[in-house]
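# Secondary and tertiary structure notes
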Amino acid sequence: MWLVLLRKYPEAHRETTRAPSQEHKQDPVKLRMSDTPASTFGGRRAVPPNNSNAAEVDLPTEELQGLVPRGVNLKDYLNVTAVHLFKERWDSNKIDHHTDKYDNNKLIVRRGQTFYIQIDFNRPYDPRKDLFRVEYVIGRYPQENKGTYIPVPVVKELQSGKWGAKVIMNEDRSVRLSVQSSPECIVGKFRMYVAVWTPYGILRTRRDPETDTYILFNPWCEEDAVYLDDEKEREEYVLNDIGVIFYGDFKDIKSRSWSYGQFEDGILDTCLYVMDKAEMDLSGRGNPIKVSRVGSAMVNAKDDEGVLVGSWDNVYAYGIPPSAWTGSVDILLEYRSSETPVRYGQCWVFAGVFNTFLRCLGIPARVITNYFSAHDNDANLQMDIFLEEDGNVSSKLTKDSVWNYHCWNEAWMTRPDLPVGFGGWQAVDSTPQENSDGMYRCGPASVQAVKHGHVCFQFDAPFVFAEVNSDLVYITAKQDGTHVVEAVDATHIGKLIVTKQIGGDGMQDITDTYKFQEGQEEERLALETALMYGAKKTLNTEGVVKSRSDVTMNFDVENAVLGKDFKVTITFQNNSSNLYTILAYLSGNITFYTGVSKKEFKKESFEETLDPFSSKKKEVLVRAGEYMSHLLEQGFLHFFVTARINESRDVLAKQKSIMLTIPKITIKVRGAAMVGSDMVVTVEFTNPLKETLQNVWIHLDGPGVMRPKRKVFREIRPNTTVQWEEVCRPWVSGHRKLIASMTSDSLRHVYGELDLQIQRRPTM
């Protein structure tokens, strides 16, 4: 292969065919590293794209300069007999580089930090006359100026920020080196060689997969673009392989654990494959801005055969419902083995898988949930809700939407492409919503820039700004074609933005990192700044004030348990001395969490008379049979109550979303919770419904405790309990979790989890 490449690109190897000088023949020590070029491509011809980490070409074992004189045996010179990489989990290389958790028997190091290797020769190494160096190669067309061919010289002292190898031990026939990588080098899987210089050219070790070395981003290195200076944050945002994702409704926040599993067998190779699939040039894979942007495009399959197919229509034929996944491992491994997109995902699944991708490569990352998240389709930084003259929402004119919640990711990095102060957390979103530079992706957008309204900076800052800080504008579309702004709600969007707290499973409120407090002058100034940078409001919403009515209305929905009847209570309060009569209307809808309505399951109208300075309550019973047959993925019910006061013609309107309380899965264990010891896991589920559940799948996962598993039950009859037992043998000590989910034809989003403390195996 190497000869074929040389024939195709002869100028690439022009220097290596040059005859050595007489000086070099006489004294091999004077043969400097720089005098003998790397096996690299240069010159005027175009080099083929180098965009696959998996593609390889072997470097030649001999690069001789001219003919070797008769009688000269190259084996008389320094020859490599063995290379030791100290790559076991307990070796200092993996412990010092925080890579000992990876279930991978190759050497894994982080860039910008020293690691150790040992080279055994056929005779003692004499630094006065012997010359050698280590070489790292990635991809099929290595070039030194692209960082895909890295010659590592042996130096007296290591220099910060540069590749180098220092001899720290020279005994018998072995040399131990302290190797330092560049904090800017490509992230990926490198092939390693040792090259020895002779008076007649280079002798190089053969390709050996056992010496392959993974180099990752390094949040522990101050010179790395992803450096994070807080140890607890590094533990959480890089090394924690189990997370918590928040969902539900702003007033009924739910949470579920998610197995990121970034250290599981095969996941690191899959993350590199994702970049190969994107045909990302290897030379850009050391830049976290580019890596995160490519990742945000590739985690969804919208336009590039990426990891996950999204589905929001409640139809999951030929795939797995989004709510059934317990973590990222099954999804990524299935994608790698099938080389086709996995079905199906929604925003929290995209965010969970993207978090695995980022943490696995060493980029600090976390999952964010934004409650009442705006999807600004027309990019005018406001949510335009168009109403018919009778008060109903016009589905024809209303293109913007407000999601009950939306999940995305944040990745930590410097932003040298932006003004000072806009580094740190960057919003990156892999849920396919809007096209960005020709692909469905979003970010990285500086969170700090979003907060201050500086949406002119790349990437996709206006879209993120609208998600958290746009105004909700109600507009009446009159029959004569005119539009009238009825009301502006400046506090509805981005009501609460949260992530998992550091070191615990609780919720951390990070709303203030995205926006100033509602109503403050700074918050309005940020909006004005954003509008100044290119977004233009189509309607004048200044000074819109809704006149207050003498009557107020509110309503409450009692705790709604799946499969049970519940009540909606509407309360009217007359604050005047007048007598009023009211015509009211309640509408109950099954909605997707994206705010899109699927089915109206409840309609009820009623009249009430309100005496002066009095209040009145109206209870409406919602029966289980009315909503059960229409339920969607997450059991969201949306109620809309409108009332018209006949005497004043005032219209009152209120809306609320609730999430049904769904039964849980129970997980129990028996046996010693210890590394290497068998433990029995029991999963139990009781069907609380009055109907039989069909095609029931239970998924079970526990990173470091057991591989992801699934089991099918053809049916579960009402009030019947099913059990499933699995034997596992934990291999990671410390705090662990078992996570289970259940899905069926008519019931989904059923979860259960169990915290475990796995003990280390006692030493003999």
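Residues numbered from 1 in each chain as written. Predicted model: local features only at pLDDT ≥ 70, side-chain atom pairs only at ≥ 80, totals over all residues. Heavy atoms only, no water.

## Regarding a negative patch on the surface
Put simply, the rule is: For patches, a residue must show more than 30% relative accessible area and have no salt bridge; joins then use 9 Å for like charges and 5 Å for nonpolar side chains, namely Val, Leu, Ile, Met, Phe, Trp and Tyr. Methods summary: accessible areas were calculated by the Shrake-Rupley approach with a probe of 1.4 Å, and residue burial reflects only the protein chains presented. Put simply, a salt bridge is a Lys or Arg side-chain nitrogen that is within 4 Å of an Asp or Glu carboxyl oxygen. Here Asp and Glu are counted as negative and Lys and Arg as positive; His is not counted, and neither are the chain ends. A charged residue contributes its charge at one atom only: NZ of Lys, CZ of Arg, CG of Asp or CD of Glu. Comment: elements are numbered from the N terminus, with helices defined as DSSP H or I runs of at least four residues and strands as E runs of at least two. Throughout this description, buried means an accessible area under 20% of the type-specific maximum (1.4 Å probe, protein chains only), exposed means over 50%, and partly exposed covers the range between.
The grouping of Glu 184, Glu 222, Glu 223, Asp 229 and Asp 230 at the surface amounts to a negative patch. Structurally, Glu 184 can be placed in the loop between strand S8 (174-180) and strand S9 (188-198). Its relative accessible area of 66% is what places Glu 184 among the exposed residues.

## Some details on the sheet that holds strand S24 (residues 483-489)
To be explicit about the condition: We treat two strands as partners when DSSP finds at least two bridges between them. The convention used is that axes are lines fitted to C-alpha atoms, helices contributing only their stretch in contact, and that angles between N-to-C directions extend from 0 to 180 degrees.
Strand order across the open sheet formed by 3 strands is S17-S23-S24, with mixed pairing between neighbours. For this open sheet the edge positions go to strand S17 (382-387) and S24, each flanked by a neighbour on one side alone. Shown here is a sheet whose adjacent strand axes are inclined to one another by a mean of 25 degrees, direction ignored. Two strands pair when backbone bridges link them, and strand S23 (residues 471-477) and S24 are joined in this way by 6 bridges, in the antiparallel orientation. By the bridge assignment, Tyr 474 is partnered in S24 with Ala 487.

## Section: the confidence of the model for the protein
The condition that has to hold: pLDDT gives the predictor's per-residue confidence on a scale running from 0 to 100. By definition, residues are in contact when any of their heavy atoms lie within 4.5 Å.
Across the protein, the average pLDDT comes to 87, with 89% of residues at or above 70. Taken as a whole, residues 1-44 scores under 50 in pLDDT and shows 76 contacts with residues more than four places along the chain or in a different chain.

## Things to note about helix H7 (residues 329-338)
Regarding H7, the residues found buried are Val 329, Ile 331, Leu 332 and Tyr 335. One or two positions beyond H7, positive phi appears at Glu 339, with a value near 55 degrees.

## Observations concerning the environment of Pro 199
Residue position: Pro 199 is located in the loop between S9 and strand S10 (201-204). For Pro 199, a relative accessible area of 11% translates into the label buried. Counting along the chain gives 122 residues from Pro 199 to Tyr 77, while the straight-line C-alpha distance between them is 9.5 Å.

## Brief notes about the UniProt feature "binding site: Ca(2+)" (unreviewed entry) in the protein
Test applied: UniProt positions are given in the numbering used here, feature names are shortened, and annotations may be inferred rather than shown by experiment.
The feature "binding site: Ca(2+)" (unreviewed entry), as given by UniProt, occupies Asn 469, Asp 471, Glu 518 and Glu 523 in the numbering adopted here. What stands out for the annotated residues spanning 55 residues is how close their C-alpha atoms remain, the widest pair being 11.6 Å apart. Looking at the secondary structure, you find Glu 518 in the loop between helix H11 (511-514) and helix H12 (521-532). Residue class for Glu 518 comes out partly exposed when judged on its relative accessible area of 25%.

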